[in-house]
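Coordinates in review
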Amino acid sequence: MAATDPQQNAPRTRQTPLLIYGAYGYTGQLIVEECLARGWRPVLAGRDAGRLAAVAEPHNLPHVAFGLGDRATLDATLQHTTAVLHCAGPFIHTAQRMLEGCLRTGTHYLDITGEIQVFEALAGQSDLAEEAGIMVLPGVGFDVVPTDCMAQWLKQQQPRATQLELAFEGFGGVSQGTAHTAIEQAGDGGAVRREGYIQRVPPAHQTRQVDFGDGAVTVASIPWGDVATAYYSTGIPNITTYARLPQQTIRAMKGLRWAAPLARQRPVKRLLHWWVDRQPAGPDQETRTGGRTRVWGCATADDGTFAEGLLYGPEGYAFTAAAATEAAGRTLDGAGSPGFQTPATAFGADLVLSVPGVERFLVSAPPKPAYQS
Ligand SMILES: NC(=O)c1ccc[n+]([C@@H]2O[C@H](COP(=O)([O-])OP(=O)(O)OC[C@H]3O[C@@H](n4cnc5c(N)ncnc54)[C@H](OP(=O)(O)O)[C@@H]3O)[C@@H](O)[C@H]2O)c1
């Protein structure tokens, strides 16, 4: 896919293949390390010059500090960039301004959001992206690469599927950024897709038993990104996403439904953000290298026939760094298509197999997995 300058309508040579915005955040830094391990030299960006320099200078990486409100510097930087990997969330506050810069300058847009509202807002601008000749590819982290690839793979096994269920387990802890993003969504409740439309439902609206490979456990519905993306990847109109959570957490999610209006109040959010800022930046290296995630999926047709699959992979933030870097590399290589894409529509259901340590198999005929919990 050749990036073109919409203003000049002619192919352009980009001096900078990849820009990482939000590069000094917890996940941004993991992605920078992954790029360096591949021998890449991305340009780093973010709004705090000091924190940016502290990440870029030890590796002698080029860097440019600017806020997303600084349209002149944003555009001047993107003018020379083939693709941006946007890591500054909550994306509900940042994605639109970055996308607009990408549309103005003909730059491919990738991010690591998992926010349903953001996926839907970006999908709604697919025509603009096609006109600009750019790919808009959100969700290249753990949310949603493994589940999105599972969804498309199961649809290939069961083409008549009308229901999709996806579940995961194994997050060893969350980063400050993930917690801040969850706070912004607090009070919105859960979400499912029914007959093609996203519906708001109460937290932990549904529970069910899932076997990740060593016996049935309880999972509860949560508003994971696939409620938005799996519809674009598979066309399946009914989608529910679940996470394995402790029983007391599920009970609390149900018991505290009355508190949803409270969680939407700005002062309450401010207090929660204040508390999160005093927590560790994210899981430590030992947790990242030792942790594992497991994904289960089932695509069911109206006649009750189904395809069920499992996927085992690395810890969530390690997964995110590897998957996001892989997606950026493929974009720079010219894979994918202009317009809104999901990881699986851009690169196929096997994209996830390029993440080191990932194993995937159909439940009906599982080879013995190397990983045992
Ligand atoms: N899809 C996935 O699986 C996945 C995985 C990991 C993370 N994430 C998401 O990625 C985001 C970042 O996570 P993280 O762990 O890296 O968090 P983090 O350590 O808090 O870093 C957040 C980064 O975003 C920047 N930022 C935030 N708001 C900004 C704004 N309005 N303008 C410019 N920069 C802004 C921050 O800069 P300042 O410090 O200057 O504010 C910082 O560089 C979160 O939304 C998280 O939910 C998703």
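The rules behind the values
- Residues numbered from 1 in each chain as written.
- Predicted model: local features only at pLDDT ≥ 70, side-chain atom pairs only at ≥ 80, totals over all residues.
- Heavy atoms only, no water.
- Axes fitted to C-alpha atoms, helices over the stretch in contact; angles between N-to-C directions.
- Helix = DSSP H or I, 4+ residues; strand = E, 2+ residues; numbered from the N terminus.
- Parallel < 35°, antiparallel > 145°, perpendicular 65-115°, else oblique.
- Left-handed = near helix turned anticlockwise from the far one by under 90°.
- Contact = heavy atoms within 4.5 Å.
- Nonpolar A, V, L, I, M, F, W, Y, C, P; charged D, E, K, R; others polar.
- Near = heavy atom within 4 Å.
- Polar contact = N/O pair within 3.5 Å; in protein donor to acceptor, adjacent residues only side chain to side chain.
- Areas by Shrake-Rupley, 256 points an atom, 1.4 Å probe, with all protein chains shown as cover.
- Domains from an automatic or database assignment.
- Salt bridge = Lys/Arg side-chain N within 4 Å of Asp/Glu carboxyl O.
- Buried < 20%, exposed > 50% of the residue type's maximum accessible area, 1.4 Å probe, protein only.
- Core = buried A, V, L, I, M, F, W, Y, C linked by side-chain atoms within 4.5 Å.
- Buried area = accessible area lost by both parts, 1.4 Å probe.
- Phe/Tyr/Trp six-rings, centres within 6.5 Å; stacked < 30°, edge-to-face > 60°.
- Lys NZ or Arg CZ within 6 Å of the ring centre and 35° of its normal.

1. Section: the packing of helix α1 (residues 26-37) against helix α14 (residues 316-332)
Packing of α1 against α14 brings their axes to within 9 Å, and their N-to-C directions diverge by 55 degrees. Judged on the interaxial angle alone, α14 and α1 are oblique. Viewed along their axes, α1 and α14 form a crossing whose handedness is right-handed. For the pair formed by α1 and α14, the contact residues are Tyr26, Thr27, Leu30, Ile31, Glu34 and Cys35 on the first element and Tyr317, Thr320, Ala321, Ala322, Ala324 and Thr325 on the second. Tallied by class, the residues present in the contact of α1 with α14 amount to eight nonpolar, three polar and one charged.

2. Concerning the site of the ligand
Taken together, 25 residues are adjacent to the ligand, and Tyr24, Arg47, Asp143, Ser175 and Thr181 come closest. Taking Arg51, its side chain carries an N or O atom lying 2.8 Å from an oxygen atom of the ligand. Note that a nitrogen atom of the ligand is positioned 2.8 Å from one of the backbone N or O atoms of Ile112. Relative to its unbound accessible surface of 910 Å², the ligand loses 86% to contact with the protein. Breaking the shell around the ligand down by element, the ones donating at least two residues are α1, α8 (176-185) and α14. No other element matches the three residues that α8 contributes to the shell around the ligand. A breakdown of the residues in the shell around the ligand according to their chemical character gives ten nonpolar, twelve polar and three charged. A domain-level breakdown of the shell around the ligand finds at least three residues from each of domain 1 (4-141 + 319-349) and domain 2 (145-316 + 354-362).

3. Considering the pattern of salt bridges
Taken as a whole and judged by the stated rule, the model has eleven salt bridges. Put simply, Arg104 and Asp75 hold a salt bridge, and the shortest N to O gap is 2.7 Å. Linking Arg104 in helix α4 (residues 95-105) with Asp75 in helix α3 (residues 71-78), this pair joins segments that are 29 residues apart in sequence. Judged by its relative accessible area of 14%, Asp75 falls in the buried class.

4. So, the nonpolar core
In terms of nonpolar packing, the biggest core is built from 83 residues, with Ile20, Ile31, Leu44, Leu85, Met98 and Tyr109 touching the most fellow members. Top element by residues in this core is α14. It accounts for eight residues. Both domains that furnish three or more residues to this core are identified here as domain 1 (4-141 + 319-349) and domain 2 (145-316 + 354-362). Apart from the residues within four sequence positions on either side, Tyr109 is in contact with Val84, His86, Ala95, Met98, Leu99, Cys102, Leu122, Met135, Val136 and Leu137. In terms of nonpolar packing, the next biggest core, distinct from the first, is built from eleven residues, Ala167, Phe212, Trp296 and Leu310 among them.

5. Observations concerning the domain arrangement of the chain
Once the domains are mapped, the chain shows domain 1 (4-141 + 319-349) and domain 2 (145-316 + 354-362). The gap between the C-alpha centroids of domain 1 and domain 2 is 24 Å. Contact with domain 1, which involves 28 residues of that partner, is made by 39 residues of domain 2. The contact between domain 1 and domain 2 buries some 2500 Å² in all, and 65% of this surface belongs to carbon and sulfur atoms. It is Tyr26, Ile116 and Phe319 in domain 1 that bury the most area against domain 2; as a group they hold 32% of the surface buried on that side.

6. Side note on the packing of aromatic side chains
Under the criterion given, the structure shown has nine aromatic pairs. Relative to Phe66, the ring of Tyr21 has its centre 5.4 Å away and its plane inclined at 50 degrees; by these criteria the two rings are tilted. You can see Tyr21 sitting in strand β3 (residues 16-21) and its partner Phe66 sitting in the loop between β5 (63-65) and α3, a full 45 residues away along the chain. Side by side, Tyr21 and Phe66 carry an identical accessibility label, which is buried. Plain terms: the ring middles of Tyr26 and Tyr317 are 5.3 Å apart, the flat faces sit at 80 degrees to each other, and that makes the pair edge-to-face. With Tyr26 in helix α1 and Tyr317 in helix α14, this residue pair connects regions lying 291 residues apart in the sequence. Across this residue pair, the class does not change: Tyr26 and Tyr317 are buried. Three or more aromatic residues link up through ring pairs in this structure, and these residues are Phe142, Phe168, Trp224 and Phe319. Arg193 extends its terminal NZ or CZ atom over the ring of Tyr232, reaching a point 5.9 Å from the ring centre.

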